[in-house]
Amino acid sequence: QVQLVESGGGLVQAGGSLRLSCAASGLTFSSNAMGWFRQAPGKEREFVAAISWRGDSTFVADSAKGRFTISRDNAKNTVYLQMNSLKFEDTAVYYCAAYRGPTPVGSIGSWGQGTQVTVSS
């Protein structure tokens with residue numbers, strides 16, 4: 001029921017930074033936990049980060065901990081993923097996701113179309 005559109009991807013040098021944005025439409029946005037996932041060619045889609053609907057709890061995958069930060073601005077209907085100290089292995093298509101409930105557990109209700117992040121070595 002939530003429509004998601006990602007932006008902010010691109011080509012960046014190793015060690016650089018990008019901020020991904022996910023703009024959401026739908027009346028229930030502020031009640032949904034949100035997450036970021038990524039998928040490299042030939043690889044399984046993997047969890048990157050998630051945030052509760054109130055923004056008071058965040059979760060970050062070990063591979064991104066200390067480098068990536070997830071945040072949300074419910075007034076702007078937007079979720080962000082700040083990516084610092086990017087590595088070549090971060091190269092993937094990044095997808096925004098809305099969970100069906102207020103916590104990042106269970107099934108995903110909506111997926112964005114994805115935005116490409118390419119990190120040059």
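Look a little higher up for the structure.
Conventions adopted
- Residues numbered from 1 in each chain as written.
- Predicted model: local features only at pLDDT ≥ 70, side-chain atom pairs only at ≥ 80, totals over all residues.
- Heavy atoms only, no water.
- Helix = DSSP H or I, 4+ residues; strand = E, 2+ residues; numbered from the N terminus.
- Contact = heavy atoms within 4.5 Å.
- Buried < 20%, exposed > 50% of the residue type's maximum accessible area, 1.4 Å probe, protein only.
- Polar contact = N/O pair within 3.5 Å; in protein donor to acceptor, adjacent residues only side chain to side chain.
- Core = buried A, V, L, I, M, F, W, Y, C linked by side-chain atoms within 4.5 Å.

J.: Tell me about the side chain of Ser-21, and name the residues and values.
T.: Structurally, the position occupied by Ser-21 is in strand 3 (residues 18-25). Apart from residues no more than four positions distant in its own chain, Ser-21 is found in contact with Val-5, Glu-6, Ser-7, Trp-36, Thr-78, Val-79 and Tyr-80.

J.: Kindly report on the side chain of Thr-78, identifying the contributing residues and their values.
T.: Along the chain, Thr-78 turns up in strand 8 (residues 78-83). The class for Thr-78 is buried, based on a relative accessible area of 10%. Here Lys-76 takes part through its backbone oxygen, which lies 2.8 Å from a polar atom of the side chain of Thr-78.

J.: Please give an account of the nonpolar core that cites residues and values.
T.: Core analysis: the biggest nonpolar cluster contains 26 residues, and Trp-36, Leu-81, Met-83 and Tyr-94 have the highest contact counts within it. Those elements that provide at least two residues to this core are strand 3, strand 4 (34-39), strand 5 (46-51), strand 7 (68-73), strand 8, strand 9 (92-99) and strand 11 (115-120). Discounting residues that sit within four places of it in the chain, Leu-81 has contacts with Leu-18, Arg-19, Leu-20, Trp-36, Val-48, Ala-49, Phe-68, Thr-69, Ile-70 and Tyr-94. Core analysis: the second largest hydrophobic core is formed by 6 residues, Ala-33, Phe-37, Ala-97 and Tyr-99 among them.

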